[in-house]
Amino acid sequence: MFIDRAVVEVRSGKGGDGAIAFLREKFMPNGGPAGGNGGRGASVLFRANSHINTLYNFRHSKTFIGPDGEKGGIKNQYGKAAKDIIVDVPVGTVIFEEKDHKVIADLNEDGKVICVAKGGRGGRGNTCFKSPTNRAPKIAENGEPGETKRLILELKLLADVGLVGYPSVGKSTLLSLVSSARPEIADYPFTTLVPNLGVVHTKDGRSFVMADLPGLIEGAHQGKGLGLRFLRHIERCRVIVHIVNMGLSDRDPYQDYLIINNELKSYGFGLDKRPIILVASKMDEEGAEKRLKKFEEQFGQPIIPISALTDDGLDKLLYACADLLDKTPHFPLYGDDENELDFKVYELPEEEKEFHIRRLDAHKWRIEGDKIIKFYRMTNISTDEGMMLLMMKLRKLKIDDTLETLGASDGDTVFLDDFSFEYWS
Ligand SMILES: Nc1nc2c(ncn2[C@@H]2O[C@H](COP(=O)(O)OP(=O)(O)OP(=O)(O)O)[C@@H](O)[C@H]2O)c(=O)[nH]1
Ligand SMILES: [Mg+2]
């Protein structure tokens, strides 16, 4: 079954808690602190995989849970980081956050990976809080909690050319003739219920992917017929082939053309501005020539007449598609094309940061900034409570995340005024 939309929940693992422990050795009754750091919780990653072509496995709302990181141990033993979870989805899957429909990623290339929920950091053990004024701290950080998110997965097929038109105009028949795809063909409307893809090779050695989409009817944008559910697959198509039936029918070809065009427009995403090739189908049927002539007079632009029965016009149509693809750029799905915006976004100047970090050498860093240094000097870190307050402040400011982005590695020394501590990922 072809499923192209699903809602899933992801939860990354919590970081392991740091340990509080002291060395107790025979001749050292008051050995120093020896609580190890906790390990990082598992992140949840999504990966585009070309061997998967539907979201079928996600049809019943699923939850992906990353395990927690291991707790820190005694004798300064580090807790193990949990193994990340990788979820494979079809190439072309777009991931949104459910709460605000913000796009998180467009997995449009095989192998592309995105982290959707980051594992929590491990907490530092009490060894990290040792200082000249507090030689035996009895405090440790808890591991950072993981993230929970609800995500919408939407598959938008990666086709170059999309076939659209009324039901039964011959879209599936065309795809079956020009590619090795085998869609169902029948003379009743809505034979095609899900999109089909086929690879087309032209005789001059070019190739492209063609998608056959379920038929559209008037009011599709309000959900009539199969609605617009499948139009999302056209969003990526660079060229639209609009097929109008010239065969025996009680419908008026020109009216049908106007209706479908209106549906494309109502859908938005600039679909009606895509390059469109107009095709007249079933030209072998009686009266087709006459209907085409009338249509051409109303339409006023060239149309490619074809017949699936006699093969007439098929090569001409494929060359026209390939030529148009050669000169049509890819359309960005999500607004990185400024021209598509008819308003300009002004950004407020970023608020003055509470701190910045300077690299002193390969493994030494210094946190600078008046505000944070003032906070440090007003905090009595010779008590466990004061030290905890400081660590909470540093965590709230996401100092560790900033250090990670800057390329810090485990065990690096981080200075703040006359205090120093160890970086831990
Ligand atoms: N005479 C003639 N019949 C055709 C031609 N192309 C398709 N047909 C017939 O038209 C009917 C509908 O064809 P389909 O390819 O299933 O049409 P469709 O556009 O995919 O229809 P939906 O999937 O329902 O939207 C079938 O009975 C086909 O055999 C043609 O060029 N000439
Ligand atoms: Mg069909």
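Residues numbered from 1 in each chain as written. Chains lettered and ligands numbered in written order. Predicted model: local features only at pLDDT ≥ 70, side-chain atom pairs only at ≥ 80, totals over all residues. Heavy atoms only, no water.

**A closer look at the pairing of strand 16 (residues 364–368)**
Looking along a regular strand, one sees side chains alternate from face to face of the sheet. Test applied: One bridge is not enough; two strands pair if DSSP finds at least two bridges between them. Runs of E in the DSSP output that reach at least two residues are strands. Runs of H or I that reach at least four are helices, and both are numbered from the N terminus.
Bridge count for strand 15 (residues 356–361) against strand 16 is five bridges, and the pairing is antiparallel. In the strand pairing of strand 16, Arg-358 is matched with Arg-366. Linking strand 15 back to strand 16 in an antiparallel pair, the connection comprises two residues. Judged from the four bridges that link them, strand 16 and strand 17 (residues 413–416) form a sheet pairing that is parallel. Across the sheet, the residue bridging to Arg-366 is Phe-415, located in strand 17.

**Thoughts on the confidence of the model for the protein chain**
Filter applied, for reference: Scored between 0 and 100, pLDDT is the confidence that the predictor attaches to each residue.
This prediction gives the protein chain a mean pLDDT of 85; 92% of its residues lie at or above 70. Per-element confidence in the protein chain ranges from a low mean pLDDT of 85 for strand 10 (residues 196–201) to a high of 96 for strand 14 (residues 304–305).

**A look at helix 4 (residues 314–326)**
Each α-helix turn comprises 3.6 residues. Residues three or four places apart therefore point the same way. Counted only if it meets this: What a helix should span is 1.5 Å times the count of its residues minus one. In this scheme, a residue with accessible area under 20% of its type's maximum is buried, one over 50% is exposed, and one in between is partly exposed, where area comes from a 1.4 Å probe on protein chains only. This arc is taken over the directions from the axis of the helix to the C-beta atoms.
Here helix 4 spans 19 Å end to end across 13 residues, near enough to the 18 Å set by a 1.5 Å rise per residue. Along helix 4, the residues classified as buried are Leu-314, Leu-317, Leu-318, Cys-321, Ala-322, Leu-324 and Leu-325. All buried residues of helix 4 project into a common sector of 165° when viewed along the axis, lining one side. Those residues of helix 4 that are exposed and aimed more than 90 degrees away from the buried face are Lys-316 and Asp-326.

**Thoughts on the sheet that holds strand 8 (residues 148–155)**
In plain terms, the rule: A fitted line through C-alpha atoms serves as each axis, taken over the contacting stretch for helices, and the angle formed by two N-to-C directions is quoted from 0 to 180°.
Read from one edge to the other, the open sheet built from five strands follows the order 3-1-8-5-6, with strand pairing classed as mixed. Pairing within the sheet leaves two strands with one partner each, and these edge strands are strand 3 (62–65) and strand 6 (103–107). Averaged over all neighbouring strand pairs, the angle between strand axes comes to 25°, with direction disregarded. Judged from the four bridges that link them, strand 5 (residues 93–97) and strand 6 form a sheet pairing that is antiparallel. Paired with Ile-95 across the two strands is Ala-105, which belongs to strand 6.

**So, the sheet that holds strand 2 (residues 44–49)**
An order of 4-2-7 is seen for the three strands of this open sheet, with the pairing classed as mixed. Among the strands making up the open sheet, the edge pair consists of strand 4 (85–90) and strand 7 (113–117). Neighbour-to-neighbour, the strand axes of this sheet turn through a mean angle of 30°, independent of strand direction.

**A few points about the domain arrangement of the protein chain**
The cut-off we apply is this: Segment limits for the domains were obtained from an automatic or database-derived domain assignment. Should any heavy atoms of two residues lie within 4.5 Å, those residues are considered in contact. Buried area adds together the accessible area that both of two parts lose upon being put together, with accessible area traced by a 1.4 Å probe. The term salt bridge refers to a side-chain nitrogen of Lys or Arg lying within 4 Å of a carboxyl oxygen of Asp or Glu. We call two N or O atoms a polar contact when they sit within 3.5 Å, provided that within protein one can donate a hydrogen and the other can accept it, with sequence-adjacent residues counted only if both atoms are side-chain atoms.
The domain architecture assigned to the protein chain consists of domain 1 (1–156), domain 2 (161–332) and domain 3 (351–425). Here domain 1 and domain 2 have C-alpha centroids that lie 47 Å from each other. Tallying the contact residues gives eleven residues for domain 1 and eight residues for domain 2. Of the roughly 770 Å² buried between domain 1 and domain 2, counting both surfaces, carbon and sulfur atoms make up 43%. Taken together, domain 1 and domain 2 are joined by zero salt bridges. Where domain 1 packs against domain 2, one counts zero residue pairs in polar contact (both at pLDDT 80 or more). Contributing elements (two or more residues each) for the side of domain 1 that touches domain 2: strand 5 and strand 8.

**A look at the packing of aromatic side chains**
We count it as follows: Two aromatic rings from Phe, Tyr or Trp, using only the six-membered ring of Trp, form a pair when their centres are within 6.5 Å; if the ring planes differ by under 30 degrees the pair is stacked, by over 60 it is edge-to-face, and anything between is tilted. In this scheme, Lys NZ or Arg CZ marks a charge over a ring once it lies within 6 Å of the ring centre and within 35 degrees of the ring normal.
Within the structure shown, the criterion is met by ten aromatic pairs. Taking the centre distance of 6.3 Å and the plane angle of 80° together, the rings of Phe-46 and Phe-64 count as edge-to-face. With Phe-46 in strand 2 and Phe-64 in strand 3, this residue pair connects regions lying 18 residues apart in the sequence. Neither Phe-46 nor Phe-64 differs from the other in exposure class; each is buried. With 5.0 Å between their ring centres and 80° between their planes, Tyr-257 and Phe-299 make a pair best called edge-to-face. Here the residue Tyr-257 occupies a position in helix 2 (residues 253–267), and Phe-299 occupies one in helix 3 (residues 288–299), the gap between them amounting to 42 residues. Across this residue pair, the class does not change: Tyr-257 and Phe-299 are buried. Counting every residue linked through ring pairs, the aromatic cluster contains Tyr-254, Tyr-257, Phe-295 and Phe-299. Of note, Lys-393 hangs over the ring of Phe-375, and the distance from its end group to the ring centre comes to 5.0 Å.

**A word on the site of ligand 1**
For clarity, the threshold we go by: We call a residue near a molecule or strand when any one of its heavy atoms sits within 4 Å of it. The Shrake-Rupley method, run with a 1.4 Å probe, gives the accessible areas here. Residue values count only the displayed protein chains as cover. Each residue receives one of three labels: charged for Asp, Glu, Lys and Arg, nonpolar for Ala, Val, Leu, Ile, Met, Phe, Trp, Tyr, Cys and Pro, and polar for the others, Gly being one of them.
As a matter of local geometry, ligand 1 sits amid 22 residues, with Ser-168, Ser-172, Thr-173, Thr-192 and Ala-308 nearest to it. A distance of 3.0 Å separates an oxygen atom of ligand 1 from a polar atom in the backbone of Gly-170. Between ligand 1 and the protein, one listed contact pairs an oxygen atom with a side-chain N or O atom of Ser-172 at 2.8 Å. For ligand 1, the accessible surface in isolation is 650 Å², of which the surrounding protein chains cover 87%. When the residues that make up the shell around ligand 1 are grouped by side-chain class, the tally is nine nonpolar, eight polar and five charged.

**So, the coordination of the magnesium ion (ligand 2)**
Spelled out, the test is: The donor set comprises N, O and S atoms within 2.8 Å of the metal, extended to 3.2 Å for Na, K and Ca; water molecules are omitted, so apparent gaps in a site may simply reflect that omission.
At 1.9 to 2.0 Å from the magnesium ion (ligand 2) lie its protein donor atoms, namely Ser-172 (OG) and Thr-192 (OG1). Of this pair, Ser-172 sits in helix 1 (residues 171–178) while Thr-192 sits in the loop between helix 1 and strand 10, and the two are 20 residues apart along the sequence. The pair formed by Ser-172 and Thr-192 is uniform in burial state, with each residue classed as buried.

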